[in-house]
Amino acid sequence: MPGGRLTQQERQQIALGLGDGLAYAEIARRLDRPTSTVTREVMRNGGPTAYRPDLAHRATEGRARRRRPGGDSQPAARGDGRDAAAVRDYEEAFATVFMQGGLPRMTARVLAALYATDAGSLSAGELGERLQVSAGSISKAVAFLESQSLIRRERDDRRRERYIVDDELWYQSMIASAKANEQMVEIARQGVAVLGAGTPAAARLENVARFMDFVGEEIVRAAEQAREILLSKPAGVEGEGSEDPPAPEGVEGHG
């Protein structure tokens with residue numbers, strides 16, 4: 001399997017594959033590349049509907065120039081001993097996964113950046129500097145993330161607004177998802193009444209309501225059972241309280 005960066009010809013083949021409606025896995029198979037490589041390439045360059053191979057190639061060359069020693073915009077040295085380029089690549093890959101889940105690109109980048117910090121917290125200025133984007137882009141992204149219960153905001157001792165991810169937010173996000181399911185159940189059952197019980201359309205909507213009702217209940221039950229996992233610290237993580245709490249009933253430990 002070939003390694004290294006994608007060539008311009010490979011990017012042209014990716015664009016052709018997208019135009020033909022091929023899945024990422026099939027495009028990757030034809031290129032003899034990992035599916036993750038193709039997925040990341042497309043998602044970081046506009047997504048399947050806006051991918052342009054020439055623009056993608058120039059963007060990659062620009063990133064490569066910035067990473068070379070002596071380049072105009074090298075990654076800032078990190079004080080934590082981590083490889084700055086490796087961390088940046090990881091954040092891009094993490095953001096790609098969020099994008100596959102439906103988040104817009106900038107929103108995904110903000111969330112990935114927050115999760116990749118030890119503090120789980122950054123100010124708008126720090127996010128802008130880290131991602132090299134405008135304050136307006138950050139503002140829109142964090143507003144959406146907050147509306148989805150994926151981040152929270154608070155002010156530090158200098159009265160600066162900071163955006164925070166913590167383990168509890170995953171639980172809150174799951175509960176918010178369950179509440180969204182409740183709305184779908186309600187509107188589907190309204191349709192049953194409007195369209196008339198016993199009709200094919202009403203039967204279809206009733207099945208949707210029953211399905212979403214069941215899924216919502218299971219989400220809440222699973223989130224409640226697994227909540228304590230979010231509050232534990234894996235072995236080897238520095239900080240107080242690193243001892244794992246007992247696994248909740250019905251949930252097996254991991255690792």
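The residue numbering used here restarts from 1 in each chain and proceeds along that chain's sequence as written. In keeping with the model being predicted, local features are shown solely for residues with a pLDDT of at least 70 and side-chain atom pairs are shown and tallied solely at 80 or more, while totals for entire chains, interfaces and linings include all residues. Each side-chain value is worked out from all heavy atoms of the structure, with water and hydrogens disregarded.

1. A look at the packing of helix α1 (residues 8-19) against helix α2 (residues 24-31)
Then, number 1: The axes are straight lines fitted to the C-alpha atoms, using for helices just the contacting stretch, and the angles between their N-to-C directions are given from 0 to 180°. The numbering of helices and of strands both runs from the N terminus, where a helix is a DSSP run of H or I of at least 4 residues and a strand a run of E of at least 2. Orientation of α1 relative to α2, taken along the N-to-C sense of each, is 145°, at an axis distance of 10 Å. Handedness of the α1/α2 crossing: right-handed. Counting all contacts with α1, which are made through Glu10, Gln13, Ile14, Gly17 and Leu18, the residues of α2 involved are Tyr24, Ile27 and Leu31.
Then, number 2: A per-class count over the contact of α1 with α2 returns five nonpolar, two polar and one charged. In this scheme the crossing of two helices becomes right-handed for a clockwise turn of the near helix relative to the far one and left-handed for an anticlockwise turn of less than a right angle. Residue contacts are defined here by distance: any two heavy atoms, one from each residue, within 4.5 Å place the two residues in contact. Classes in brief: Ala, Val, Leu, Ile, Met, Phe, Trp, Tyr, Cys and Pro nonpolar; Asp, Glu, Lys and Arg charged; the others, Gly included, polar.

2. Considerations on helix α10 (residues 200-230)
Then, number 1: A helix is expected to span 1.5 Å for every residue after the first. With 31 residues, α10 extends 44 Å from end C-alpha to end C-alpha; this agrees with the ideal 45 Å at 1.5 Å per step.
Then, number 2: Of all the bends in α10, the largest measures some 40° and sits at glutamate 224.
Then, number 3: Those residues of α10 that sit buried are Ala202, Ala209, Met212, Gly216, Ile219 and Ala223.
Then, number 4: On its buried face, α10 is in contact with α9 (167-195). The quantity called bend is, for any residue, the angle between two axes fitted respectively to the seven residues ending at it and the seven beginning at it. Burial classification: accessible surface area is computed with a 1.4 Å probe over protein chains only, and a residue below 20% of its type maximum counts as buried, one above 50% as exposed, and the rest as partly exposed.

3. A closer look at the sheet that holds strand β2 (residues 152-155)
Then, number 1: In space, the three strands of this open sheet follow the order β1-β3-β2, with antiparallel pairing throughout. At either end of the open sheet lies a strand with only one pairing partner, and these are β1 (121-123) and β2. On average, each strand axis in the sheet is tilted by 35° relative to the strand beside it, whichever way the strands run.
Then, number 2: As defined by bridge partners, β2 adjoins strand β3 (residues 161-164) across four bridges and the pair is classed as antiparallel. Bridge pairing in β3 places arginine 152 opposite isoleucine 164.
Then, number 3: Where helix α7 (residues 124-131) meets the sheet, it contacts β1 and β3, and its direction lies at approximately 90° from that of β1. Pairing between two strands is assigned when DSSP locates at least 2 bridges connecting them.

4. Topic: the packing of aromatic side chains
Then, number 1: Aromatic rings from Phe, Tyr and Trp, with only the six-membered ring used for Trp, were paired whenever their centres fell within 6.5 Å, and each pair was classed as stacked if the ring planes differed by under 30 degrees, edge-to-face if by over 60, and tilted otherwise. Tallied over the entire structure, the rule returns four aromatic pairs.
Then, number 2: Measuring from centroid to centroid gives 4.7 Å for phenylalanine 94 and phenylalanine 98, while their planes differ by 25°, and the two rings are stacked. Linking phenylalanine 94 with phenylalanine 98, this pair stays in helix α5 (residues 84-100), spanning four residues, or about one helical turn.
Then, number 3: We classify phenylalanine 98 as buried; its relative accessible area is 12%.
Then, number 4: An angle of 45° between the planes, with centres 5.8 Å apart, marks the rings of tyrosine 115 and tryptophan 170 as tilted. One end of the pair, tyrosine 115, is in helix α6 (residues 105-115); the other, tryptophan 170, is in helix α9, and 55 residues separate them in sequence.
Then, number 5: Of the residues examined, tyrosine 115 reaches a relative accessible area of 25% and is grouped as partly exposed.
Then, number 6: Pairwise contacts between aromatic rings join Tyr90, Phe94, Phe98, Tyr115 and Trp170 into one cluster.

5. Some details on the packing of helix α3 (residues 35-43) against α5
Then, number 1: Where α3 meets α5, the axes come as close as 10 Å, and the angle between the chain directions of the two elements is 80°. As the angle between them shows, α3 and α5 are arranged roughly perpendicular. Seen from α3, the contacting residues are Thr39, Arg40 and Met43; seen from α5, they are Ala93, Thr96, Met99 and Gln100.
Then, number 2: Among the residues forming the contact of α3 with α5, the class breakdown is three nonpolar, three polar and one charged. By the definition adopted for this analysis, an angle is roughly parallel if under 35 degrees, roughly antiparallel if over 145, roughly perpendicular if from 65 to 115, and oblique otherwise.

6. Some words on the confidence of the model for the protein
Then, number 1: Residues of the protein with pLDDT of at least 70 account for 83%, and the chain-wide mean is 81.
Then, number 2: The predictor reports its confidence for every residue as pLDDT, a score running from 0 up to 100. Segment residues 240-246 is flagged for pLDDT under 50; beyond a separation of four residues in sequence, or across chains, it makes 10 contacts in the model.

7. A short note on the side chain of histidine 57
Then, number 1: In this structure, histidine 57 sits in helix α4 (residues 53-67).
Then, number 2: In protein, a polar contact requires one atom able to donate a hydrogen and another able to accept it; more generally it is a pair of N or O atoms within 3.5 Å, and residues adjacent in sequence count only if both atoms are side-chain atoms. A polar atom in the side chain of histidine 57 sits 2.8 Å from the side chain of arginine 11.
Then, number 3: Setting aside chain neighbours within four positions, we find histidine 57 in contact with Leu6, Thr7, Gln8 and Arg11.

8. As for the environment of serine 147
Then, number 1: Mapped onto the elements of the fold, serine 147 is located in helix α8 (residues 135-147).
Then, number 2: At 2.6 Å, the side chain of serine 147 and the backbone oxygen of phenylalanine 144 are in polar contact.

9. Considering α9
One turn of an α-helix holds 3.6 residues; hence residues three or four places apart share an orientation.
Then, number 1: Over its 29 residues, α9 runs 43 Å from end to end, which matches the ideal 42 Å to within 8%, given 1.5 Å per residue.
Then, number 2: Backbone geometry just downstream of α9 places glycine 196 in the positive-phi region, at approximately 100°.

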